[in-house]
Amino acid sequence: MTRLLGISGSLRKASFNTGLLRAAVDLAPDGATLLAGSIAGIPLYNGDDEREQGIPPAVQALKQQLAAADGLLLFTPEYNNSLPGVFKNAIDWLTRPASDIGPLFGGKPVAVLGASPGGFGTILAQDAWLPVLRTLGTRPWFEGRLMVSRAQSVFDAEGNLTDETTRQRLAQFIAGFAAFTAGR
């Protein structure tokens, strides 16, 4: 069984990206499971706080989920033509202490996808993740790309995916990434 971890880079309750993650959990193909992780409760990174208080519980929980996962899916919003600070902050916490980078991220299959109200989806945010993923030593999946543009037209007010075409594209993306992660 291939174990995937998905993380939404938004804290908003009706987030398009959290809705995309919820839909993806339901669309995981046979032979794979997709667990929805969360960045909620992760404080802003501060080296003084890390030294004095250690790794926060929300970070520890996400690190355990990541360690148990065979592959990682980043459901990224796009803020000001780049990646969201709150999402990058969570990844920064996951790399603490630095000795955890290799065991958590080294060679781990990773894919980036996202939804945005804009006309170009999350193309710039997805591209902005590439230097981060390279630095962490991940194994990005480049065979598929999913950028949901004009997300307000395919999600309802609660952030649930309502568009069947987008659902089918998402199912193909998740199946492709699961196969990549499993080495098929």
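The notes below deal with the structure included here. Keep in mind the model is a prediction, meaning the values are calculated, not measured.

## Description of the overall build of the chain
And then number 1: The helix and strand tally for the chain stands at seven helices and six strands.
And then number 2: Sequence-ordered secondary structure for the chain, helices as α and strands as β, is β-α-β-α-α-β-α-α-β-α-β-β-α.
And then number 3: Relative to the globule expectation of 16 Å for 184 residues, the C-alpha radius of gyration of the chain, 16 Å, shows essentially globular dimensions.
And then number 4: Taking the principal axes of the C-alpha coordinates as reference, the chain spans close to 50 × 35 × 25 Å.
And then number 5: Evaluated residue by residue, the chain yields a buried proportion of 45% over its 184 residues.
And then number 6: For the chain, contacts bridging at least 24 residues in sequence account for 79% of all contacts bridging at least 6.

## Comments concerning the packing of aromatic side chains
And then number 1: By the definition in use, this model includes seven aromatic pairs.
And then number 2: Looking at Arg12, its charged tip hangs above the ring of Phe16, at a distance of 5.4 Å from the centre.
And then number 3: Taking the ring centre of Phe180 as reference, the NZ or CZ of Arg139 above it sits at 4.6 Å.

## A short note on unusual backbone geometry
And then number 1: Here the bond from Arg96 into Pro97 is cis, since omega is -10°, no more than 30 degrees from zero.
And then number 2: Here Pro97 is to be found in the loop between helix 4 (85-94) and helix 5 (101-105).
And then number 3: Although it is not a glycine, Asn80 sits at a positive phi angle of roughly 50°.
And then number 4: By secondary structure assignment, the location of Asn80 is in the loop between strand 3 (71-75) and helix 4.
And then number 5: Of note in the backbone geometry, Arg150 takes a positive phi value of approximately 50° without being a glycine.
And then number 6: Relative to the assigned elements, Arg150 resides in the loop between strand 6 (146-148) and helix 7 (164-182).

## What about the environment of Leu72?
And then number 1: When you line up the elements, Leu72 lands in strand 3.
And then number 2: Note on Leu72: relative accessible area 2%, which makes it buried.
And then number 3: Linking Leu72 and Thr138, residues 66 residues apart in sequence, is a C-alpha distance of 9.5 Å.
And then number 4: The residues contacting Leu72, other than those within four sequence positions of it, are Leu5, Ile7, Leu66, Phe105, Lys108, Pro109, Val110, Ala111 and Phe177.

## Let's talk about the pattern of salt bridges
And then number 1: Counted according to the given criterion, the structure contains eight salt bridges.
And then number 2: The partner of Lys63 in a salt bridge is Asp100, with the nearest N and O atoms 2.4 Å apart. Of the two residues, Lys63 is situated in helix 3 (residues 57-68) and Asp100 in the loop between helix 4 and helix 5; the sequence distance between them amounts to 37 residues.
And then number 3: For Lys63, a relative accessible area of 10% translates into the label buried.
And then number 4: Across the pair Arg145 and Asp127 runs a salt bridge, and its minimum N-O distance is 2.6 Å. Taken as a pair, Arg145 in the loop between strand 5 (139-140) and strand 6 and Asp127 in helix 6 (residues 123-135) lie far apart in primary sequence, 18 residues in all.
And then number 5: The exposure class assigned to Arg145 is partly exposed, which follows from its relative accessible area of 41%.
And then number 6: One connected set of salt bridges, linked through shared partners, spans Asp48, Arg51 and Glu52.

Cut-offs applied
Residues numbered from 1 in each chain as written. Predicted model: local features only at pLDDT ≥ 70, side-chain atom pairs only at ≥ 80, totals over all residues. Heavy atoms only, no water. Helix = DSSP H or I, 4+ residues; strand = E, 2+ residues; numbered from the N terminus. Rg over C-alpha atoms; globule rule 2.2 N^0.38 Å. Buried < 20%, exposed > 50% of the residue type's maximum accessible area, 1.4 Å probe, protein only. Contact = heavy atoms within 4.5 Å. Phe/Tyr/Trp six-rings, centres within 6.5 Å; stacked < 30°, edge-to-face > 60°. Lys NZ or Arg CZ within 6 Å of the ring centre and 35° of its normal. Salt bridge = Lys/Arg side-chain N within 4 Å of Asp/Glu carboxyl O.

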